[in-house]
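# Examining the three-dimensional arrangement
Each chain, letter by letter, is given below.
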Amino acid sequence: MAHSASLAASTPGRVARRRWDGVRNALPGYLFLAPWLAGFVLFTLGPTLVSLYLSFTDFDLLRAPQWVGAANYQRMFSSDPKFWASVSVTLTYVVLSVPLKLAFALAVAMILDRGIAGLSIYRAIFYLPSLLGGSVAVAILWKQVFGYEGLVNEFLWFAFGINGPSWISNPATSLYTLVLLSVWQFGSPMIIFLAGLRQIPRDLYEAASIDGATRRQQLTRITLPLLAPVIFFNLVLQTIEAFKAFTPAFIISGGTGGPVDSTLFYTLYLYQQGFAYFRMGYASALAWVLLLTIAAFTALTFFSQRFWVYYEDDQR
Amino acid sequence: MLYPLLWMLSSSFKPEDEIFSDLSLWPKAVTLASYVEGWYGLGINFGRFFLNSLIVSGLAVVGNLAACSLAAFAFARLDFPLRKFWFAAMLGTLMLPYHVTLIPQYVLFQKLGWLNTFWPLVVPKFMAVDAFFIFLMVQFFRGIPRELDEAAVIDGCGPWRIYWSIMLPLSKPVLAAAAIFSFIWTWDDFFGPLLYLTDVANYTVPLALRGFVDATSRSSWGPLFAMSVLSLVPVFAAFLMFQRHIIEGIAASGLKR
């Protein structure tokens, strides 16, 4: 090896050829990567930088952007009650829907994991709502189900003789109907939990029950610790998703975020500012605050890992 | 779990006045009136919207499969300078909420004169913007034995032959999962069409449904449900046919990280 290296270094022609080899080896890689690279620069990196710039400007799409410094951010935090309304709606939604959804997903996954006849049918039934979740059709359905003459009230009347309110047009309840919609779609975290449960060795449970461990102890000492990385993964993913929720709120409130801003999701407010009022600079600033918030939440979750997530390889 | 969906299905076949007076899932009298009324409800028949959705979703599938598999092959199998750096950048885009790039992209498409066309919905897919699929494919490609590539190289195959004749044929499961998700997500996408399509004749199905909510009065749930049911049919069909791939795709994306 050393011999050939010194030989190569002594002859300039070889060095050049070697460099040429390096380029020739790099070329296929970059050719295969070219579509992605072009897309990355054109649709991600470029727009991200432009968006950061726009967030410091006034921009209505017609005239060139006017530099305003931090005015957009100042306005957001000091004199925009709707901004705070949307923050509160979104945080409430995230804090309620994510844990509930994960709890349901985990509970159902554990029941299915016990081994039930027709597992694939149940799996499909529980997963289907998630698959249809983002669709306008399901939002329309939800609007009816929780409407004044809707399915929920029909049922309440039929079963208890209660005359229910219109859940979606009442600001006290409208957000919770959307939380329920999100929880109803617990299918995709459930599938991931199921796959995680499969990987826990069965003999651990057998050994535990021989030692006299109760079901509860098996849950808290075996299942949950070994499933922690999967719980963590689902938590990160679902939190990011929840921050980005848009379509159901848009359809159900007719794009207004009403009644009384009770379903004014952050993304909906961003859309209104950008594409209803054409405050593109302000909307860009809103987008950057969203990015930083999601990043902070994700970082916090990653940081919390050390207290509750156990990775098998760590111990070795 | 499925009750609301079944109820919507059964309501779409009920006469309008029976929808709210009858909780049972079995219609007393089956009628297609809601479907007929809904199909022509927006002045243009719904077939047009289905065609639009089919064009957009079909092209999105082709674009995603082609562009993402090329990038995934480069990341999983080829060696080139800055490979790790670009891979990290690609993973970073997974975390980036699309709202950040939204407005500059809109301005870009406006400058290109692409507003109210399908191009903004389709062209980015041919440039592999859906990093999720790249990630999924990289994970799968890594599981294919390297000896196959090495044998192929000895037999004189270049990277393209390895990609086309070895990797792709062995990757049918992950390609199927990516195709199905790509189709379903594009079919259901509401936000993209909402931004870029203004002419009713260009509407995709979700946009048409939303237009339908605004155009019809509160009382006509029948046609609205009928069209909602129709809009779910392709997704439902894809789900039934490829259930195994869908579920494996999800599980794989979640666990191999």
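So, how was this worked out
Residues numbered from 1 in each chain as written. Chains lettered and ligands numbered in written order. Predicted model: local features only at pLDDT ≥ 70, side-chain atom pairs only at ≥ 80, totals over all residues. Heavy atoms only, no water. Helix = DSSP H or I, 4+ residues; strand = E, 2+ residues; numbered from the N terminus. Buried < 20%, exposed > 50% of the residue type's maximum accessible area, 1.4 Å probe, protein only. Contact = heavy atoms within 4.5 Å. Areas by Shrake-Rupley, 256 points an atom, 1.4 Å probe, with all protein chains shown as cover. Lys, Arg positive; Asp, Glu negative; His and termini not counted. Charge placed at Lys NZ, Arg CZ, Asp CG, Glu CD. Core = buried A, V, L, I, M, F, W, Y, C linked by side-chain atoms within 4.5 Å. Domains from an automatic or database assignment. Buried area = accessible area lost by both parts, 1.4 Å probe. Salt bridge = Lys/Arg side-chain N within 4 Å of Asp/Glu carboxyl O. Polar contact = N/O pair within 3.5 Å; in protein donor to acceptor, adjacent residues only side chain to side chain. Nonpolar A, V, L, I, M, F, W, Y, C, P; charged D, E, K, R; others polar. Patch = residues over 30% accessible without salt bridge, like charges linked within 9 Å, V, L, I, M, F, W, Y side chains within 5 Å. Axes fitted to C-alpha atoms, helices over the stretch in contact; angles between N-to-C directions. Left-handed = near helix turned anticlockwise from the far one by under 90°. pLDDT = per-residue confidence, 0-100. Phe/Tyr/Trp six-rings, centres within 6.5 Å; stacked < 30°, edge-to-face > 60°. Lys NZ or Arg CZ within 6 Å of the ring centre and 35° of its normal.

## Focus: the overall build of chain B
Summing up its helical and strand segments, chain B has 13 helices and 0 strands in all. Starting at the N terminus and walking to the C terminus, you meet the elements of chain B as α-α-α-α-α-α-α-α-α-α-α-α-α. Dimensions of chain B, computed from C-alpha atoms along their principal axes, come out at roughly 70 × 45 × 30 Å. Per-residue burial for chain B yields a buried fraction of 55% across its 257 residues. A sequence separation of at least 24 residues applies to 72% of the contacts in chain B between residues at least 6 apart. For chain B, the computed accessible surface area is about 11,200 Å², with 67% contributed by carbon and sulfur atoms. The average position of the 17 basic charges and that of the 16 acidic charges among the side chains of chain B differ by 8 Å.

## Quick notes on the nonpolar core
Within the largest apolar cluster, 183 residues are counted, with the highest numbers of intra-cluster contacts made by Trp36 of chain A together with Ile134 of chain B. Here this core gathers at least three residues from each of two domains, domain 1 (18-67) and domain 2 (80-306) of chain A. Among residues more than four places away in sequence, those in contact with Trp36 of chain A are Ala71, Phe75, Trp86, Ala89, Met90, Met127, Ala128 and Ile134 of chain B.

## Points about the interface of chain B and chain A
The interface is formed by 78 residues belonging to chain B together with 75 residues belonging to chain A. Taking both partners together, chain B and chain A bury about 7,000 Å²; carbon and sulfur atoms supply 83% of that area. Inspection of the region where chain B meets chain A yields 0 salt bridges. Where chain B packs against chain A, one counts 5 residue pairs in polar contact (both at pLDDT 80 or more). Per-element accounting of the side of chain B that touches chain A gives the leading share, 17 residues, to helix α13 (residues 221-255) of chain B. Here the side of chain B that touches chain A is built from residues that sort into 64 nonpolar, 10 polar and 4 charged.

## Considering the side chain of Thr93 of chain B
Looking at the secondary structure, you find Thr93 of chain B in helix α4 (residues 83-95). Excluding its chain neighbours within four sequence positions, the residues that come into contact with Thr93 of chain B are Phe40 and Thr44 of chain A together with Ala131 of chain B.

## A few points about a nonpolar patch on the surface
Together, Leu51, Ile55, Leu59, Val62 and Phe126 of chain B line one region of the surface with nonpolar side chains, adding up to about 400 Å² of accessible area. Considering the arrangement of structural elements, one finds Ile55 of chain B in helix α3 (residues 46-77).

## Some remarks on the domain arrangement of chain A
Residues and elements named next belong to chain A. The domain boundaries assigned to chain A delineate domain 1 (18-67) and domain 2 (80-306). Just the C-alpha atoms count here: the centres of domain 1 and domain 2 sit 34 Å apart. If you look at the interface, domain 1 gives 9 residues, while domain 2 gives 8 residues. In total, about 680 Å² of surface goes out of reach between domain 1 and domain 2, with carbon and sulfur atoms giving 67% of it. Inspection of the domain 1/domain 2 interface yields 2 residue pairs in polar contact (both at pLDDT 80 or more). Looking at which element gives the most residues to the side of domain 1 that touches domain 2, the answer is helix α2 (residues 12-54), with 4 residues.

## Quick word on unusual backbone geometry
As a rule of thumb, non-glycine residues mostly have phi less than zero, and peptide bonds are mostly trans rather than cis. Here the phi dihedral of Val260 of chain A falls at roughly 45 degrees; this positive angle occurs in a residue that is not glycine. With respect to the helices and strands, the residue Val260 of chain A is situated in the loop between α12 (247-252) and α13 (266-276). Here Ala128 of chain B, not a glycine, exhibits a phi torsion of approximately 55 degrees, which is positive. By secondary structure assignment, the location of Ala128 of chain B is in the loop between α6 (119-122) and α7 (131-142). Take Ala128 of chain B: its relative accessible area is 1%, and that puts it in the buried class.

## What to know about the packing of helix α4 (residues 81-113) of chain A against helix α8 (residues 174-184) of chain A
Residues and elements named next belong to chain A. Here α4 crosses α8 at 35 degrees, and the two axes come no closer than 9 Å. Where α4 crosses over α8, the handedness of that crossing is right-handed. Residue-level contacts link Val89, Thr92, Tyr93, Leu96, Ser97, Leu100, Lys101 and Phe104 of α4 to Leu175, Tyr176, Leu178, Val179, Ser182 and Val183 of α8. For the contact of α4 with α8, the per-class residue count stands at 10 nonpolar, 3 polar and 1 charged.

## Observations regarding the confidence of the model for chain A
In the predicted model, chain A carries a mean pLDDT of 87, and the fraction of residues at 70 or more is 91%. Below pLDDT 50 for its whole length, residues 1-9 of chain A participates in 5 contacts with residues either more than four positions away or in separate chains.

## As for the packing of aromatic side chains
The description of two aromatic rings rests on the distance between their centres and on the angle between their planes. Overall, the coordinates contain 59 aromatic pairs over all chains when judged by the stated rule. Both rings, one in Phe232 of chain A and one in Phe302 of chain A, keep their centres 4.9 Å apart while their planes meet at 90 degrees; by these two values the pair is edge-to-face. Here the residue Phe232 of chain A occupies a position in helix α11 (residues 215-243), and Phe302 of chain A occupies one in helix α14 (residues 280-308), the gap between them amounting to 70 residues. Taking relative accessible area as the criterion, Phe232 of chain A reaches 6% and is therefore assigned buried. By relative accessible area, Phe302 of chain A is classed as partly exposed at 40%. Here the aromatic rings of Phe49 of chain B and Tyr203 of chain B are separated by 6.5 Å at their centres, their planes lie at 40 degrees, and the arrangement is tilted. With Phe49 of chain B in helix α3 and Tyr203 of chain B in the loop between α11 (191-196) and α12 (205-215), this pair connects stretches of sequence that are 154 residues apart. Directly above the ring of Tyr282 of chain A sits Arg75 of chain A, whose terminal nitrogen or CZ lies 4.0 Å from the centroid.

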